[in-house]
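# Close look at the chain arrangement
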Amino acid sequence: MSDHLVELAKSHLTNIPVSLISQGAESLIFTTTTHPYMETSDEGQQYIVKFRPPKKYRHPQLDAQLTKRRTLAEARLLQRLYGADGISVPSIIAVDARNGILWLEYIGQQIENGVSSLKNYLWLEDSKADYESLLRAVGDMIARLHQMGIVHGDLTTSNVMLQKHGSQWAPCLIDFGLGFTSDLVEDKAVDLYVLERAILSTHPVHSDNYNSWLMEGYKKGYGKDQGKFKQVMKRYEDVRMRGRKRSMLG
Amino acid sequence: MSSTRHQDTKELPSYEEALQEHERPPPYTPPLTGSIMASITRLSRDDPDPIYEDLNNVVDSTDFADVDHYNYDVLSNAVRDVSLDTDGSSKGIVTMVNLDQYAKPGKHTYTAIGLEGSANKLGVGIIRHNLGPLSQENRAQVLSNVRDTYITPPGEGFLPRDTARHHRNWVVRLIKRSMEEAGVSREELDCICFTKGPGMGAPLQSVVIAARALSQLWDLPLIGVNHCIGHIEMGREITGADNPVVLYVSGGNTQVIAYSNQRYRIFGETLDIAIGNCLDRFARTLKIPNYPSPGYNIEQLAKKGSNYIELPYTVKGMDLSMSGILAYIDQLANDLFKGNTSNKVIFNQETKEAQITVEDLCFSLQETLFAMLVEITERAMAHVNTNQVLIVGGVGCNERLQKMMEDMVLDRKGSIYATDERFCIDNGIMIAHAGLLEFRMGKRFELKDTVCTQKFRTDEVLVSWRD
Amino acid sequence: MTAKRQKMSFSCILDIGVPFETEKQATIAKRTLEQDPILKPDDLVVRYEVNTSSLDMHFEAISDRVLRVAVSSVLESLKTVIEVIDEFE
């Protein structure tokens, strides 16, 4: 991980002790015990600081625009989704859109192979008893998201964090930087297609099971509104078909 | 260099003239991957910039390899011992696949000829492997690698029928030249490899006909190769990247690929048109020459652009979409040409003068498209925990793309690997190389299995030669 | 599509014989050409046969146009085969 990016983040966060926990594709994730504007009552309380560093490879204009747009989009969507029925997302504490900084509730914990993302959890073993119920819960949550007219835009197993509720794992959706509001079936269908492809490439051995559990959960998430579900499914098949028709040329 | 170009476009050269101008490709230089380079060396080209005024120059179909020589360099700068590890199967210990279980007793090498013609390039190459696993110490030898590109007039794309005719006209001559350059006799060959797909139907078929006839004539087995696998395996062999995330960018494909469990898995790809197709089509809108390639000419124009115009930016997870961007920038270009002064992006509303040039459009298009490509590549890298990137495919020659990728990889303290145009652009040697790997694993194609297919996904191929 | 209807609709028929030097050559040509499937078998039937050193091709099509396209395409491929034999035998 690049030190100059960490330094840059710290320069935006004067007098706030942060420690880097991971470098994603577009952001650095830090933890801190400092709340941006309230006295911290609980000593052990941790927060997430998510920093989207400038990307040297992008044209500065494009970079500034993307950073601001995505940071704001994420903040707005998290704000709208927090507390929504059947949806779990980290709560948002503070935003600095120009510098690409979000202050979020701390989500997840460490497991044997890293943070408790769904990806890492699924990579742990060939099959665990709760894989099926977890994937169904994720599908259900995505359905609720779509019913609210929100598209995640980057559904992968890395972007689902797991949290312990008692002895049970429960999913929590993160990373809404590519998210947007839309009620088009096309957008929802592509959202699902992106997830299906992520499962296929990341978890190839059990992808059939995983995808069918997700879709069953997704169907259930629509509750009585099965008409909407069918519309999305119909378009989803179209999107997949387009995928297969592609790669005509070498 | 420029003397090999036909500025006078009215007279197309005869075959003999064209042949004489086919210089031998530059000698094969072993790449510099053995050591870790302290700094990154830029790829450079000494070809003169085609200027925009050359707009109406119709150019002929000579070999791209003759006009365009790149310094051969491999970009590499840091850690090499990263293992890409998906699906939880930890592979700390490497067990070697035995590539020699079908070796003929007494023979120390394998030699294969490869025929490629899936799009507008016809390529023939001959490769040699020694016994034993391929490594930095035991590299594949490129014995010959010749190519001829079918070039269409500005504003026109290549049609399957005409492209097939071009391939039929040249295929036997290229095979002959490839054998001569390699100094290889038919007795030394072990197999004949051809592109089975994906690609355009008629051109693919025109080449496999030659492969089938040759295979019966010389009594050699046929190996059908997936074009994309050819690019990936050749890229790995040339650069020494052992387990990279692969960005495959060409006229027909845009994919982000990583290896796991004996398949090259597609992590991200275009949801509509391919990057090369997008650039080619914009070149047609601009009516700039298709020679040496439309994308190359856009790249040269982009170097002179400086105003960045905001274009749609459409990344969806690890996938991307480009048709909307193309439609938008086509419209800008058409407004510019037509002098539609009501377009506020292009024309200053007070003076009614154009504030944007064609060069600016090319610049903005490249900046936007390549930023999207680099972004999805970085996503895939973060997703599978690796920091090696290999760029393959014709668009991979683009210096700006390489530079952007390098900037991204540096921030991740990783390594970037790219090849020059001999291996980036479609060629026969990569088909020979990937085919020979399959051959060494015992794969053979009956004649009835040699029917080409336009659709052939990268992840359909079982990569038996890797563990 | 029943055999009867097919037979009735295949009104355009052409036989072409191409002499080769040897039976082996003619066989190579046959086996090279006969692999690629006919896209519309309801519109076109092509049969290849080797008789001593001659490659006999039999075309049946539903229209002149289909016949013309098919013959032209097969002859183009045949030219490649012959060129390969000429150069590399």
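Residues numbered from 1 in each chain as written. Chains lettered and ligands numbered in written order. Predicted model: local features only at pLDDT ≥ 70, side-chain atom pairs only at ≥ 80, totals over all residues.

Chain C has the name Transcription factor Pcc1 in an unreviewed UniProt entry, where Cyberlindnera jadinii is given as its organism. Under the UniProt heading Sequence similarities (unreviewed entry), the note attached to chain C is "Belongs to the CTAG/PCC1 family." (UniProt positions renumbered as here; feature names shortened; annotations may be inferred.)

Chain B goes by N(6)-L-threonylcarbamoyladenine synthase in an unreviewed UniProt entry, where it is assigned to Cyberlindnera jadinii. We quote the UniProt Catalytic activity (unreviewed entry) comment for chain B here in full: "L-threonylcarbamoyladenylate + adenosine(37) in tRNA = N(6)-L-threonylcarbamoyladenosine(37) in tRNA + AMP + H(+)". The record in UniProt for chain B states the following under Sequence similarities (unreviewed entry): "Belongs to the KAE1 / TsaD family."

## Considering the pairing of strand S1 (residues 109-116) of chain B
All names here are of chain B. With 7 of 8 residues buried, S1 is to be regarded as a mostly interior element. Two elements, S1 and strand S2 (residues 121-130), share 8 bridges in a ladder whose sense is antiparallel. By the bridge assignment for S2, Gly114 is matched with Gly125. Between the end of S1 and the start of S2, which pair antiparallel, lie 4 residues. Where S1 meets strand S4 (residues 191-197), 4 bridges bridge the pair, whose relative direction is parallel. (Buried ≥ 20, exposed ≤ 12 C-beta atoms within 10 Å, placed from the backbone. Helix = DSSP H or I, 4+ residues; strand = E, 2+ residues; numbered from the N terminus. Pairing = 2+ DSSP bridges.)

## Remarks on the sheet that holds strand S3 (residues 141-149) of chain B
Through backbone hydrogen bonds, the strands of a sheet pair up, either in parallel or in antiparallel fashion. Residue and element names in this part refer to chain B. Spatially, 5 strands are ordered S3-S2-S1-S4-S5 in an open sheet, and the strand pairing comes out mixed. Two strands close off the open sheet at either side, each with one partner strand: S3 and strand S5 (222-226). Pairs of neighbouring strands in the sheet enclose a mean axial angle of 20 degrees, with direction left out of account. Pairing analysis gives 5 bridges linking S4 to S5, with the strands arranged parallel. Following the sheet pairing, Gly197 is matched in S5 by Asn226. Along the sheet, helix H3 (residues 160-182) contacts S1, S2 and S3; its crossing angle with S2, the most-contacted strand, is approximately 30 degrees. Helix-sheet contacts for helix H5 (residues 227-239) involve S4 and S5, and the interaxial angle to S5 is about 85 degrees. (Axes fitted to C-alpha atoms, helices over the stretch in contact; angles between N-to-C directions. Contact = placed C-beta atoms within 7 Å.)

## Topic: the interface of chain B and chain A
Interface size is commonly expressed as the accessible area that is lost once the parts come together. Opposite the 48 residues of chain B that make contact, chain A presents 33 residues. When contributions to the side of chain B that touches chain A are tallied by element, the ones reaching two or more residues are strand S8 (263-269), strand S9 (315-316), helix H9 (358-384) and helix H10 (399-411) of chain B. Tallied by class, the residues present in the side of chain B that touches chain A amount to 17 nonpolar, 16 polar and 15 charged. (Nonpolar A, V, L, I, M, F, W, Y, C, P; charged D, E, K, R; others polar.)

## Quick word on the environment of Ser127(A)
All names here are of chain A. Relative to the assigned elements, Ser127 resides in the loop between helix H3 (118-124) and helix H4 (131-147). Judged by the 12 C-beta atoms lying within 10 Å of it, Ser127 is exposed. A sequence separation of 79 residues divides Ser127 from His206, and the C-alpha atoms of the two residues are 8.8 Å apart.

## Here's the deal with the sheet that holds strand S6 (residues 245-249) of chain B
All names here are of chain B. As summarised here, the arrangement of the 5 strands in space is S8-S7-S6-S11-S12, forming an open sheet in which the pairing is mixed. Across the chains shown, the open sheet's two edge strands, defined by having one partner strand only, are S8 and strand S12 (415-418). Looking at each pair of strands side by side, their axes are set apart by 25 degrees on average, direction ignored. In this fold H9 packs onto S6, strand S7 (254-260), S8 and strand S11 (388-392), with an angle of close to 155 degrees to the strand it touches most, S6.

## Some words on H9(B)
Turn by turn, an α-helix covers 3.6 residues, leaving residues three or four places apart pointing in a common direction. Residues and elements named next belong to chain B. For H9, spanning 27 residues, the distance from its first C-alpha to its last is 39 Å, which sits close to the expected 39 Å at 1.5 Å a residue. Most of H9 sits inside the fold, with 26 of its 27 residues counted as buried. Just downstream of H9, Asn385 is the residue with a positive phi angle, here 55 degrees. (Expected span 1.5 Å × (residues − 1).)

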